[in-house]
Structures are given as C-alpha cells and as structure tokens.
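Listed here are the chains, written in short residue letters.
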Amino acid sequence: MRKIIVLSFITLDGVMQAPGGPEEDTSSGFNFGGWVAPYFAEADEAAGELMAKQMKSADLLLGRKTFDIFAAYWPEHSDMWPGINDVTKYVISKTMNKNNSEWKNVVFLKSVDDIKKLKNLPADRQDSESTDIQVHGSGNLIQTLLKHDLVDEMWLKIFPITLGQGKKLFDDGTIPSALKLTDSLVTPNGVIFANYKRAGEVKTGTIGA
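Small disclaimer: the values here were computed from a predicted structure and weren't measured.

**A closer look at unusual backbone geometry**
Glycine aside, residues mostly have negative phi, and peptide bonds are mostly found in the trans state.
Working step 1: Even without being glycine, Ser 138 reaches a positive phi, approximately 55 degrees.
Working step 2: You can see Ser 138 is positioned in the loop between β5 (133–136) and α5 (139–147).
Working step 3: Judged by its relative accessible area of 6%, Ser 138 falls in the buried class.
Working step 4: Of note, Asp 149 is a non-glycine position whose phi angle comes to about 55 degrees, a positive value.
Working step 5: Structurally, the position occupied by Asp 149 is in the loop between α5 and β6 (153–159).

**Some points on the packing of aromatic side chains**
Working step 1: In this structure the tally under the stated criterion is 11 aromatic pairs.
Working step 2: With a centroid separation of 5.8 Å and 55 degrees between ring planes, the pair formed by Phe 9 and Phe 159 is classed as tilted. Highlighted residues: Phe 9 in strand β1 (residues 4–11) and Phe 159 in strand β6, separated in sequence by 150 residues.
Working step 3: Owing to a relative accessible area of 24%, Phe 9 belongs among the partly exposed residues under this scheme.
Working step 4: Judged by centre distance (5.9 Å) and plane angle (70 degrees), the ring pair of Tyr 39 and Phe 159 falls under edge-to-face. Placement of the pair is Tyr 39 in helix α1 (residues 37–46) and Phe 159 in strand β6, with a sequence separation of 120 residues.

**Things to note about the layout of surface pockets**
Left-over empty space is what a probe sized like a water molecule reveals as it rolls over the atoms.
Working step 1: In this model, the largest pocket occupies a volume close to 1600 Å³.
Working step 2: Along the walls of the largest pocket sit 45 residues, with Glu 24, Thr 66, Phe 70, His 136 and Gly 137 positioned nearest its centre.
Working step 3: Of the residues in the lining of the largest pocket, the class split is 20 nonpolar, 16 polar and 9 charged.

**Looking at the nonpolar core**
Working step 1: Of all hydrophobic cores here, the largest spans 23 residues; its most connected members are Leu 61, Ile 115, Val 135, Leu 145 and Leu 169.
Working step 2: Listed by contribution, the elements that provide at least two residues to this core are β1, β3 (89–92), α4 (112–119), β5, α5 and β6.
Working step 3: Broken down by element, this core gets its largest block of residues, 4 residues, from α5.

**As for the pairing of β6**
Working step 1: Burial analysis of β6 places 7 of its 7 residues in the buried class, which makes it a mostly covered element.
Working step 2: The alternating pattern of β6 places Glu 153, Trp 155, Lys 157 and Phe 159 on one face and Met 154, Leu 156 and Ile 158 on the opposite face, and all of these are buried.
Working step 3: Alignment of β1 against β6, held across 7 bridges, turns out to be parallel. Counterpart to Ser 8 in the pairing with β6 is Leu 156.
Working step 4: Summarising the sheet, β6 and strand β8 (residues 192–198) pair through 6 bridges and their orientation is antiparallel. When the bridges of β8 are listed, Glu 153 appears paired with Lys 197.

Parameters at a glance
Residues numbered from 1 in each chain as written. Predicted model: local features only at pLDDT ≥ 70, side-chain atom pairs only at ≥ 80, totals over all residues. Heavy atoms only, no water. Helix = DSSP H or I, 4+ residues; strand = E, 2+ residues; numbered from the N terminus. Buried < 20%, exposed > 50% of the residue type's maximum accessible area, 1.4 Å probe, protein only. Phe/Tyr/Trp six-rings, centres within 6.5 Å; stacked < 30°, edge-to-face > 60°. 1 Å grid on protein atoms, 1.4 Å probe; cavity = no way out; pocket = protein on both sides within 12 Å on 5 of 7 lines; lining within 4 Å. Points joined across faces, edges and corners; volume = space filled by probe spheres on them. Nonpolar A, V, L, I, M, F, W, Y, C, P; charged D, E, K, R; others polar. Core = buried A, V, L, I, M, F, W, Y, C linked by side-chain atoms within 4.5 Å. Pairing = 2+ DSSP bridges.

Taken by themselves, the reported measurements are silent on function.
This is the structure in structure tokens:
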C-alpha cells in the first residue's frame with residue numbers, strides 16, 4: 001500500500017492559505033499571501049538535509065487549483081525541484097478530465113474511491129525510489145483526505161506568525177487521531193519542521209490518577 005503524505009506550510013494558528021505569494025489565493029479577501037517569503041531562505045538553508053528528504057522524487061496528488069498553479073510554474077523551473085516534471089501527477093477534479101498544460105504525466109481522479117484505489121497500487125514508474133504520494137497545497141483535498149482517514153503522514157513547516165484569518169489545515173475534515181513525531185528541527189529564525197505519522201486512536205485519561 002502506498003503512503004499519502006501531506007506537506008504543508010502553516011502558521012501558529014493553523015493557516016495554510018497562500019504561503020507562496022500575494023496572488024496565490026486571495027479568496028475570501030485574504031491579503032496576507034506570501035507570508036512564508038520572509039522566512040524561507042534562512043529556514044531552507046538551516047534544514048538542508050530535511051528539505052532534501054522532502055524534495056525527493058515522489059508522485060503527487062493535487063487539488064485542481066493547486067494543479068493549475070503548479071502546472072503554470074514547474075515546467076520552467078525544474079532545476080529547483082529535480083524530477084518534478086517526470087513524476088505522475090494525480091489531480092482530483094469532478095469537472096476536469098483533460099490536461100491542457102505543458103506539464104506531462106497527469107492522471108485525473110474523480111472520487112475518494114479513486115484515491116483509495118491509488119493507495120493500493122504500486123508506483124507507476126519502475127525507477128521510482130519511493131511509493132509515497134505527496135500532497136502539496138490543495139486545502140480542500142486535504143479536508144477530504146482527513147475526513148476519510150487517508151493521510152498516513154504529515155510533514156509540517158510551522159512559521160512563527162499568526163494571521164487570524166484564512167483557510168486552515170485542520171478544518172472541517174479533521175477527525176480524532178493520534179500522531180507520532182518521527183523527525184523535527186527548529187531553525188534559527190523560529191521555523192519548526194515537524195514530521196508526524198498516524199499512531200492509532202486518541203487515548204484519554206486523568207492526570208495524576
């Protein structure tokens with residue numbers, strides 16, 4: 001079975017909307033787009049090995065909006081993410097079934113059942129070093145994956161700011177679940193890298209009992 005790994009930039013108050021730039025996602029009047037930019041270069045340098053692991057070749061599972069953003073950018077910037085143009089990109093969309101972009105190796109999925117089938121398939125590429133499937137951006141898709149307990153790991157980069165508005169990573173799709181920390185790092189400028197994997201059900205008790 002293939003693992004689905006969610007990679008996300010989030011603020012201390014859990015906002016994930018438009019980390020990369022002002023025009024990335026202005027829905028609902030969001031005007032803080034690009035909040036990662038002041039921190040990214042220093043954090044990226046400090047987390048070299050961890051970032052290298054996260055940038056290893058893996059197939060992608062994307063929502064339609066994130067696909068549109070990525071398809072417009074990565075074909076011309078593959079030097080920044082080696083292999084990004086060669087992996088399979090799975091796009092979940094109820095209305096889109098044809099790839100009109102220059103990005104190759106695109107497969108369209110229609111439903112949660114399609115995603116479940118994908119998890120049970122081997123990697124498409126014979127030279128693949130990993131069967132992992134990465135999810136970037138794709139806020140609505142993440143809610144669907146969380147709701148159906150399809151997320152195996154979460155690789156989070158938590159930035160030392162609060163925004164008080166915007167789409168959140170843990171929103172209406174969140175279910176009770178326990179997680180185990182598998183890797184972590186704190187950069188000098190306060191960015192927390194925290195990787196988690198699913199660890200069963202939530203346990204409760206009484207402190208001091």
